[in-house]
Amino acid sequence: MEERPGRKSMLRLVSHTPRSGACFVVCLTACLAAATLALPAAARAKEDVTLLRAREGAAALMRGQYDKAIASLNLALEQPEISDFVKASIFSDRGIAKWRLGDSKAAIEDFNESITLSPENASVYNNRGNALLQLGHAEEAVKDFDRAVALSPNYGVAFNNRGNAHVALNEYDSAFQDFRKAVQLMSTSAVPLNGRGQSHAALKRYHAAIRDLTKAVEVDASCRACYANRGKAYLAIESYDKAASDFTQALLGSPDDQELLLLRAKAYLGARQYGPARKDLDKLIALDPEGLEPYLERGKLFTAIGRYDDAIKDLTYVIEKKPSGEAYALRAETKLKDKQPDEALTDALQAASMDTESAFASRVRGDVYRALERNDDAIRAYRTALKKDPFQDAAREALLALDEEVPPAEGAPLGPPVSGWIVKEPEPSRFVALNPKYPAIRAQLEMFGSGKPKILEWSELDDAKNGIGLLRYHAGELTGESSSELVYVAIVDLWGKKVLAVEPYSWGSNSADWEWSRYAVAVTDPEGNTNRIQLRKPKPPPQPTTSTYQPNRPQQRRGGGGGLFDFLFR
């Protein structure tokens, strides 16, 4: 198992056989030994040399000594009269060693030789697929992985790697199905769980991604990519503290990783932890003074803490280096907070002209108009923002503050209301549940099969879980040998105005297990994977109270006071 460089920091696997590299050495030894029994002494001696060199090469390969492995395998190939089976195995191992050393083209040549000699070896197709993927030939890689799983239907590594190839092609539904199969076949590995989690996230199923990635880090606490990917999913649902914690874990093995430092800085900013965010951004600027995004984020930070001159300085630097609508909109927002509405309007209009599709720029323009008491213009700008991005919460809140009706999400309801809840599709394949009773809540519904969501039931909890609602809904159909309905539950925090989790209720006739405690729930899906959701923070236990009164002893009075208000000082 190793981290694969390239798209989205996916993990991938390479193997000698569908079982293990160690098996190759044992099997090769046994096959050669049997083949040499009937040979004359001189021929057996030559075969013994071949066996020795091949075994040395395979052992060095397993230890990660790739140059040594290639040298031993080269010597093995120099021996005359090698059987096709043995030669194919040697070419395969030498191809793996070359691939590990980064020479994918040479590796493919060896894999081609191996396949010519022994076309039914699934592991060689898997390994050639990895090399093709490394070279950017994802479509050809898929064909090799197809052949590998056709030859060995329980070859989990090949399913996982085909998932990686589908990711490289942006085919996330296909990738998800491959990772799903790999998870079933490799239940003790974090690698396919990481891949499936990333596929969920790419399909905007962030809660499902978090569920898989949490399982991945439970299986392998050292999986840096798993922490990084879970952090990204937490960032997407605005769980900033958890995102920052995961990025910190991911950075343990690589403290200067600029992508992770930037992501952690964004998480810290979202959590309003400005000191740690500033530290990360300053470090990024020191590592790469020419990078612009850290200056952009530091401009946001300075604006948030009221250091407007510093914010404008950073944002102006970005604009001078590479003008963008975002930078102008951010500087407009800063100038507005610095009581410079006229200058802010100039930047806001420039932002709108540079990025006509930016909902953020439209919202900032609305804020500027509102400060200039041009409310009609502000309302139009806010409505434009919501049209461009139906999930632009700041624009929605601004309209409510102006006592204006918030435009409904585009499109007709997908079904009749259930307890006031309806479902709309403001963007293709992005579904939101709305209820006029809770105007600030837009519950995004994750789909896991074909079809459209449908509300089935709404219920509210009480006692310690008061303010928590359960929105049960149809989450699609799984088609295969037999079609089955997927039912999920969105756990809604009515006080926090957000969805805490989206958890399975049933997959066809198989039900999930929901185990409730006072402040949390543990959901075990039909495959046996458990996720625990904290619904409320536990109340601290009451502090014991002790009386200072003792019979027959005068009471001391604190602060020089006494009498009627003495209890204030106890």
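Caption draft 1: Representation of the overall build of the chain within the structure. Scanning the chain for helices and strands turns up 22 helices and 13 strands. Element-wise, carbon and sulfur atoms account for 49% of the exposed surface of the chain, whose accessible area totals about 28,500 Å².

Caption draft 2: Examining the environment of Arg 230 more closely. Along the chain, Arg 230 turns up in helix H12 (residues 224-236). On the basis of relative accessible area, Arg 230 is assigned to the buried category, the value being 11%. The sequence separation of Arg 230 and Asp 246 amounts to 16 residues, and the corresponding C-alpha distance is 6.9 Å. When near neighbours in sequence (up to four residues on either side) are disregarded, Arg 230 contacts Ile 210, Leu 213, Thr 214, Val 217 and Asp 246.

Caption draft 3: Inspection of helix H22 (residues 393-401) at higher detail. Among the residues of H22, Ala 395, Arg 396, Ala 398 and Leu 399 are the ones counted as buried. The buried residues of H22 occupy one face: seen down the axis, they fall within an arc of 160 degrees. Where H22 is buried, its residues meet helix H20 (359-371) and helix H21 (375-388). Looking one or two places after H22, you find Asp 403, whose phi comes out positive at around 60 degrees.

Caption draft 4: Spotlight on the packing of aromatic side chains. Applying the stated criterion across every chain yields a total of 6 aromatic pairs. Aromatic side chains Trp 514 and Trp 516 sit 5.9 Å apart centroid to centroid with 35 degrees between the ring planes, which places their arrangement in the tilted category. For Trp 516, a relative accessible area of 36% translates into the label partly exposed. Grouping aromatic residues by their ring pairs yields a cluster made of Trp 421, Tyr 438 and Trp 458. If you follow Arg 205 out to its NZ or CZ, it ends over the ring of Phe 176, 4.9 Å from the centre. Positioned above the aromatic ring of Tyr 505, the side-chain terminus of Arg 472 is 4.6 Å from the ring centre.

Caption draft 5: Up close: the sheet that holds strand S8 (residues 484-493). Pairing in this open sheet of 5 strands is antiparallel, and the strands run S6-S7-S8-S9-S10 from one edge to the other. Since the sheet does not close on itself, it has two edges, and those belong to strand S6 (454-460) and strand S10 (510-511), each with one partner. Of the strands in this sheet, S8 and strand S9 (498-507) touch helix H11 (residues 206-219), which is tilted by about 75 degrees from S9.

Caption draft 6: Region of interest: the confidence of the model for the chain. In this model, the chain carries an average pLDDT of 86, and 85% of its residues clear a pLDDT of 70 or more. Within the chain, helix H14 (residues 258-270) carries the highest mean pLDDT (98), whereas strand S1 (residues 2-3) carries the lowest (37). The low-confidence segment residues 1-12 (pLDDT under 50) makes 48 contacts with residues lying over four places distant or belonging to another chain.

Caption draft 7: Molecular detail of the state of the cysteines. This model, assessed by the stated rule, comprises 1 disulfide. A sulfur-sulfur separation of 2.1 Å characterises the disulfide bridge that pairs Cys 223 with Cys 226. Residues Cys 223 and Cys 226 are joined by a disulfide whose S-S torsion is about 70 degrees; by sign, that bridge is right-handed. Cys 223 gets classed as buried once you look at its relative accessible area, which sits at 6%.

Caption draft 8: Region of interest: the environment of Ser 358. By the secondary structure assignment, Ser 358 is in the loop between helix H19 (341-354) and H20. Among the polar contacts made by the side chain of Ser 358, one reaches the main-chain amide nitrogen of Ala 361 at a distance of 3.0 Å.

Caption draft 9: Local environment of empty space enclosed by the protein. Tallied over the full model, the rule gives 2 cavities of 30 Å³ or more. The calculated volume of the largest cavity comes to roughly 300 Å³. Along the walls of the largest cavity sit 20 residues, with Phe 176, Arg 196, His 200, Tyr 488 and Trp 507 positioned nearest its centre. At the level of elements, helix H9 (172-185), helix H10 (191-202), H11, S8 and strand S13 (530-534) are the ones that each hand at least two residues to the lining of the largest cavity. The leading source of residues in the lining of the largest cavity is H11, at 6 residues. Looking at side-chain class alone, the lining of the largest cavity contains 7 nonpolar, 5 polar and 8 charged residues.

Caption draft 10: Layout of the sheet that holds S13. Spatial strand order, S11-S12-S13: 3 strands in an open sheet with antiparallel pairing. Two strands in the sheet have a free side with no partner beyond their single neighbour: strand S11 (513-516) and S13. For this sheet the average axis-to-axis angle between neighbouring strands, irrespective of direction, equals 20 degrees. Note: strand S12 (residues 520-524) against S13, 5 bridges, orientation antiparallel. Looking at S13, one finds that Ala 522 is bridged to Arg 532.

Cut-offs used in this document
Residues numbered from 1 in each chain as written. Predicted model: local features only at pLDDT ≥ 70, side-chain atom pairs only at ≥ 80, totals over all residues. Heavy atoms only, no water. Helix = DSSP H or I, 4+ residues; strand = E, 2+ residues; numbered from the N terminus. Areas by Shrake-Rupley, 256 points an atom, 1.4 Å probe, with all protein chains shown as cover. Buried < 20%, exposed > 50% of the residue type's maximum accessible area, 1.4 Å probe, protein only. Contact = heavy atoms within 4.5 Å. Arc of directions from axis to C-beta. Phe/Tyr/Trp six-rings, centres within 6.5 Å; stacked < 30°, edge-to-face > 60°. Lys NZ or Arg CZ within 6 Å of the ring centre and 35° of its normal. Pairing = 2+ DSSP bridges. Axes fitted to C-alpha atoms, helices over the stretch in contact; angles between N-to-C directions. pLDDT = per-residue confidence, 0-100. Disulfide = S-S within 2.5 Å. Polar contact = N/O pair within 3.5 Å; in protein donor to acceptor, adjacent residues only side chain to side chain. 1 Å grid on protein atoms, 1.4 Å probe; cavity = no way out; pocket = protein on both sides within 12 Å on 5 of 7 lines; lining within 4 Å. Points joined across faces, edges and corners; volume = space filled by probe spheres on them. Nonpolar A, V, L, I, M, F, W, Y, C, P; charged D, E, K, R; others polar.

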